[in-house]
Protein chains: 2
Amino acid sequence: MVATSSGAARPDEIRRHNLALMLTHVHRDGALSRAELTQRLGLSRSTVKSLVDDLTQLGLVADVVPSAGQGGSTGVGRPSHVVAPHRGGPFVLAVDIGVEETTFAAVGLGGDVYARQTRATARIQEPGAVVDAVADWVVRSGGDGCDWGDGWLAGVGISVPGTVDATSGRVGIAPNLDWHDVPLGALLADRLPAAVPAAVGNDADLAVLAEHARGSARGSADVVYLMVRVGLGAGIIAAGLPLRGHSGSSGEIGHNQLDPAGPPCHCGKRGCAETFIGDGALLALAGHPGPVSDAAVASVFDQARDGDERALSAIRTVAGHLGHVIGDLVNTLDPERVVVGGSLTGLLDVARPELEAALANATFAVLGRRADLRAGALGDDAALLGAAEAAFASLLADPVGARA
Amino acid sequence: MVATSSGAARPDEIRRHNLALMLTHVHRDGALSRAELTQRLGLSRSTVKSLVDDLTQLGLVADVVPSAGQGGSTGVGRPSHVVAPHRGGPFVLAVDIGVEETTFAAVGLGGDVYARQTRATARIQEPGAVVDAVADWVVRSGGDGCDWGDGWLAGVGISVPGTVDATSGRVGIAPNLDWHDVPLGALLADRLPAAVPAAVGNDADLAVLAEHARGSARGSADVVYLMVRVGLGAGIIAAGLPLRGHSGSSGEIGHNQLDPAGPPCHCGKRGCAETFIGDGALLALAGHPGPVSDAAVASVFDQARDGDERALSAIRTVAGHLGHVIGDLVNTLDPERVVVGGSLTGLLDVARPELEAALANATFAVLGRRADLRAGALGDDAALLGAAEAAFASLLADPVGARA
């Protein structure tokens, strides 16, 4: 935590570290009393007071009296003040580039979505058009009637349905956007003010951040998140930290081969996971005539809930294959929790027994372990909110440096 | 690094942190000059001097003049002193329980093996017998002529070919020892002096620690180590830290299913990785008549090197399957380096092209990434030396506390 590049600790970094830690608690959990902060940080009351004063002066937190129903009040006597994210303070621009729709949102410290807008991805699909849209939004921020008062932009985060080197922000391949080797991070940096960092990430990698901070993976240090949309990817948290891999492209499990005799895959192999799991596989099994779309997938789930046998059977079949994939991941990573998100979030409602049976078959049985299997709590917003988390990362890591 | 249980930093912990960091550098790299330590730690010369003095007084390091060929001397003028592990200081007892042989070794700070002894595992296979043997060794330590002078025992580390909860030291299952649910950590704690911590780990998890500290994975933060012995397991380093999983049983990939139409596995499924990869699979392919043994596997490699077509073909076939398994791991974890250890360490000499072709086929091709594939440098000693690393962990994490 407190470390120079060499890992050695120096006294002058302690205060900055503790400010970062306090701000992270307030960002994660919203309003907290000074007593709660004192307990969580294990510091003296006077140190906590001084840290709160610093964060207040930096415009990051505010002393507020919570409204009824919020924490901080004892119900008797005068209400206790709490330390909360400053609503006129920092916000970020989060962008989720989906295959059909791209969503832009202004998200405040603490995770509230102040404003959001959705556009058809087809209209802004070129990387340059995405960068233009982000730059436009940044110019307009604070001026178009959104509820961010006198707030200031602390960062931009972008979720891409493809492989991303999170360090450079370079997109390797995003097949459904037809993007190849796009230096999105550098393109953004050219257009954004120097004080506004831009983070680019893979959708599953960002979605697991959001589910970990505010959703179904909260409180668990070892998580695998399955993002099923057109394709299949995984976001991984290990020992409380995102597992990115050496080149930032961990979790690209869509082409792990489940069956050498399986259907041909567009990648040239046979029986890749994506030939069995994903929107296209589900629609084909269900006999849906139309092209792959979110609405088409939703209609198959609706039919299954209405008792349609073919739709139900299609979902159960996909659930079985997903159980195999999750089993391999459980054997490899030993997560505490497995979260299913994306377009197949509803799969646990419709076909949990089939998924659990396949998972039990696929995991190394003698271990007797059962991963805690949950549906994503943030639904389609997981990648968007994860992009916001990534955009806040610089500020949260060093509030003093980010404001300097 | 410097952190209370809550993660907040306090000034009084900085010195202990920096002592731990310095001792870790000396343990990892052996003799280092004060100038090197100053540079690595990013601290002032006077702080480094004071830290060296503390570690010297704790009996952990010593000021020595390196002999010719070692670092520290400039070759002109009087030789520079270096800070080295204190040879009369701490050592650990490392134990590698293999299927055929169990090896005991006394390993000094810095990784030198002072003494070692091998026994047939069959003679000490019961957990109680292992604990007795460890307790005997501890009683005798310092007294049987080994070269550890007036050293003191800093810990015990035990490698088990099975699933282990590294926190409690409980062995879940070690099929080839016929151990089920053995509280080895607790059994050891009952017999060892309170000041001697015992660490128990899975062989692959420990082997990757050793290869990372001193072998083929040195310098890489993202590593997958494949341990092929009778069975198949993986040890994983992610972002520089061991990936253990929630219950300490990550890397149990032997029963990931490669082919639903594959050979029946003793676990009840078909086509598990262990039906294609491992000593038994290799011997069956090679038509070797005898039971599974290290010598039998070695003989197949010898035959292949002598040009025997059937032996060569068997190794190439296993290499192809191993490429599939490694490909799935590369897709999932995106390691920088993949190390093959255990009985199939020689596989890269004999069948690297087949392994690389299968790996290229199995990895998500458009990423264009190539994992750096290496044979283990520590051979059969990897798990033993990893057990020593685990045994030193308490001392390295807090030298002051461990000596108190």
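Residues numbered from 1 in each chain as written. Chains lettered and ligands numbered in written order. Predicted model: local features only at pLDDT ≥ 70, side-chain atom pairs only at ≥ 80, totals over all residues. Heavy atoms only, no water.

To be explicit about the condition: UniProt positions are given in the numbering used here, feature names are shortened, and annotations may be inferred rather than shown by experiment.
Under an unreviewed UniProt entry, the name given to chain A is ROK family transcriptional regulator, and the organism recorded is Nocardioides mangrovicus. In its Sequence similarities (unreviewed entry) section, the UniProt entry covering chain A states "Belongs to the ROK (NagC/XylR) family."

1. Topic: the overall build of chain A
Let me state the cut-off plainly: Labels follow the DSSP assignment, with helices taken as runs of H or I lasting at least four residues and strands as runs of E lasting at least two, numbered in each case from the N terminus. Contacts are assigned to residue pairs with any non-hydrogen atoms lying within 4.5 Å of each other. Per-residue accessibility takes into account occlusion by the displayed protein chains alone, with areas from the Shrake-Rupley method and a 1.4 Å probe. In this tally Asp and Glu are treated as negative and Lys and Arg as positive; neither His nor the chain ends contributes. We put the charge of a Lys on NZ, of an Arg on CZ, of an Asp on CG and of a Glu on CD.
Helix and strand counts for chain A come out as 13 helices and 15 strands. Each principal axis of the C-alpha atoms in chain A carries an extent, and together these give about 65 × 50 × 45 Å. Across chain A, contacts joining residues at least 24 apart in sequence account for 61% of those joining residues at least 6 apart. Accessible surface, chain A as shown: approximately 15,900 Å² in total, 51% of it carbon and sulfur. Charged side chains of chain A number 31 positive and 45 negative; the gap between the two group centres comes to 6 Å.

2. With respect to the sheet that holds strand 11 (residues 223–228) of chain A
Residue and element names in this part refer to chain A. Our working rule: Two strands form a pair only when DSSP identifies at least two bridges running between them.
Taken together, five strands build an open sheet; the order of strands is 13-12-11-14-15 and the sheet is mixed. Only two strands of the sheet have a single neighbouring strand rather than two, namely strand 13 (241–242) and strand 15 (372–375). Bridge count for strand 11 against strand 12 (residues 232–238) is six bridges, and the pairing is antiparallel. Bridge pairing links V223 to I237 in strand 12.

3. A word on the pattern of salt bridges
Condition: Think of a salt bridge as a Lys or Arg side-chain nitrogen and an Asp or Glu carboxyl oxygen that are within 4 Å of each other. For every residue, the accessible area obtained with a 1.4 Å probe (protein chains only) is divided by the maximum for its type, and the residue is called buried under 20%, exposed over 50%, and partly exposed between those limits.
Enumeration according to the criterion identifies 36 salt bridges over all chains in this entry. For A:D29, the salt bridge goes to A:R218, with nearest N and O atoms at 2.3 Å. Separated by 189 residues along the polypeptide, A:D29 in helix 1 (residues 14–29) and A:R218 in the loop between helix 6 (203–214) and strand 11 bring together distant segments of the chain. Owing to a relative accessible area of 38%, A:R218 belongs among the partly exposed residues under this scheme. Linking B:R87 and B:D112 is a salt bridge whose minimum nitrogen-to-oxygen distance equals 3.4 Å. One end of the pair, B:R87, is in the loop between strand 2 (82–85) and strand 3 (90–97); the other, B:D112, is in the loop between strand 4 (101–108) and strand 5 (113–120), with 25 residues separating them in the sequence. It is possible to trace a salt-bridge network through shared partners that takes in A:D29, A:R40 and A:R218.

4. A word on the domain arrangement of chain A
All names here are of chain A. The line we're drawing: Where each domain begins and ends follows an automated or database-derived domain assignment. Once two parts are joined, some of their accessible surface, as seen by a 1.4 Å probe, is lost; buried area is that loss totalled over both.
Domain annotation of chain A identifies domain 1 (11–85), domain 2 (90–207 + 383–403) and domain 3 (220–377). Taking only C-alpha atoms into account, the centre of domain 2 sits 27 Å from that of domain 3. Of the roughly 1,200 Å² buried between domain 2 and domain 3 on both sides combined, carbon and sulfur atoms contribute 50%. The largest contributions to the domain 2 side of the interface with domain 3 come from E100, A204 and D205, which together make up 41% of the buried area. With a shortest N-O distance of 3.6 Å, R229 and D203 are connected by a salt bridge.

5. Considerations on empty space enclosed by the protein
Rule in force here: Throughout, the protein atoms alone are placed on a 1 Å grid, and a set of points is a cavity if a 1.4 Å probe fits but cannot get out or a pocket if it is open with protein on both sides within 12 Å along at least five of seven lines; lining residues have an atom within 4 Å of a point. Grid points are joined across faces, edges and corners, and a volume is the space filled by probe spheres set on the points. Under the grouping applied here, Gly and all other residues not named as nonpolar or charged are polar, the nonpolar ones being Ala, Val, Leu, Ile, Met, Phe, Trp, Tyr, Cys and Pro and the charged ones Asp, Glu, Lys and Arg.
On inspection of all chains with the given rule, the structure shows five cavities of 30 Å³ or more. A volume near 160 Å³ is recorded for the largest cavity. Mapped by element, the contributors of at least two residues to the lining of the largest cavity are helix 10 (309–333) of chain A together with helix 10 (309–333) of chain B. Residue composition of the lining of the largest cavity, by class: eight nonpolar, four polar and two charged.

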